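Structural features, examined
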Amino acid sequence: MNTPEQCLLPFSDIDSLEEIEHQHQFNPDAIRLTKTLGTRTGLTRIGVHLVRLQTGRDSTQFHYHDSDEEFIYILAGKGIAEIGDESFEVGAGDFMGFPAPSPAHNLRNPHDEDLIYLMGGERNPADLVHYPRIRRTMLKSHGKRSFVDWDAVTDLP
């Protein structure tokens, strides 16, 4: 069990964390600058990250999960949230929650200022992540990840 001090991550510690660049494996324009918060307090079942999305970047590849729920809370800046077939202008104070499964979604920053948000989600040991625009599914199973293109899938009778 964590001590009370281990459960608290003060702003000064968060502010001094180095941002880690994360590029999505299926989208070269999806580059997030991330500070991982949850694991620093001992969280193992959910991930929580402070993310900065620079001008012209996507957060990920348009996707949805079969098992993992996700959320995004916008802290600063503006962006475009693509959810299903619709696009929404989002800004500071806006919250998005994606139950599993949800409509496919992505966040992008076409504006001149950075988009900063808190992102979190479950870390189920097994999940399927579907990418409808590129017709691909990623299989996540107990630490291993692989993918299959939809054209290579054979349906069973």
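Here, every reference points to the structure presented above.
Scope of this entry: the structure provided in the associated data block. (Residues numbered from 1 in each chain as written. Predicted model: local features only at pLDDT ≥ 70, side-chain atom pairs only at ≥ 80, totals over all residues. Heavy atoms only, no water.)

Looking at the sheet that holds strand β14 (residues 144–149)
The antiparallel open sheet is built from 4 strands, whose spatial order is β5-β12-β13-β14. Every other strand in the sheet has two partners, leaving β5 (64–65) and β14 as the edge strands with one partner each. Where strand β13 (residues 136–141) and β14 come together, 6 bridges link them in antiparallel fashion. The residue bridging R136 from the neighbouring strand is D149, located in β14. (Pairing = 2+ DSSP bridges. Helix = DSSP H or I, 4+ residues; strand = E, 2+ residues; numbered from the N terminus.)

Description of the pattern of salt bridges
Throughout the structure, instances matching the rule amount to 7 salt bridges. E19 is the partner of R52 in a salt bridge, and the nearest nitrogen-oxygen pair spans 2.6 Å. Linking R52 in strand β3 (residues 46–53) with E19 in the loop between α2 (11–16) and β1 (20–24), this pair joins segments that are 33 residues apart in sequence. Its relative accessible area of 29% is what places E19 among the partly exposed residues. Here R108 ties to E82 by a salt bridge, and the two come within 3.8 Å at their closest N and O atoms. Taken as a pair, R108 in strand β10 (residues 105–109) and E82 in strand β7 (residues 78–83) lie far apart in primary sequence, 26 residues in all. (Salt bridge = Lys/Arg side-chain N within 4 Å of Asp/Glu carboxyl O. Buried < 20%, exposed > 50% of the residue type's maximum accessible area, 1.4 Å probe, protein only.)

Topic: the pairing of strand β12 (residues 126–131)
Where β5 lies against β12, 2 bridges are found, and the strand directions are antiparallel. Each bridged residue has a counterpart across the sheet, and for H65 the counterpart in β12 is V129. Pairing geometry for β12 and β13, over 6 bridges, is antiparallel. In the sheet register, L128 faces β13, and the bridge partner there is L139. Taking the residues between adjacent antiparallel strands as the criterion, β12 and β13 are bridged by 4 residues, where R135 takes a positive phi near 55°.

Description of the pairing of β10
Two faces make up the sheet, and in a regular strand the side chains alternate between them. Taking burial as the measure, the 5 residues of β10 include 4 buried ones, the bulk of the element. Bridging between strand β4 (residues 57–58) and β10 involves 2 bridges; their strand directions are antiparallel. By the bridge assignment, D58 is partnered in β10 with R108. Looking at chain direction, β7 and β10 are connected through 4 bridges and run antiparallel. Bridge pairing in β10 links I80 to R108.

Re the packing of aromatic side chains
In this description, a pair of aromatic rings is defined by centroid distance and the angle of the planes. Counting across every chain of the model gives 3 aromatic pairs. Aromatic side chains F26 and Y131 sit 5.1 Å apart centroid to centroid with 80° between the ring planes, which places their arrangement in the edge-to-face category. Residue F26 is located in the loop between β1 and β2 (27–36), and its partner Y131 is located in strand β12; the two are separated by 105 residues in the primary sequence. In terms of burial, F26 and Y131 fall into one category: buried. Aromatic side chains F71 and F95 sit 6.0 Å apart centroid to centroid with 20° between the ring planes, which places their arrangement in the stacked category. Taken together, the residues span a long stretch of sequence, with F71 in strand β6 (residues 70–76) and F95 in strand β9 (residues 95–98) at a distance of 24 residues. (Phe/Tyr/Trp six-rings, centres within 6.5 Å; stacked < 30°, edge-to-face > 60°.)

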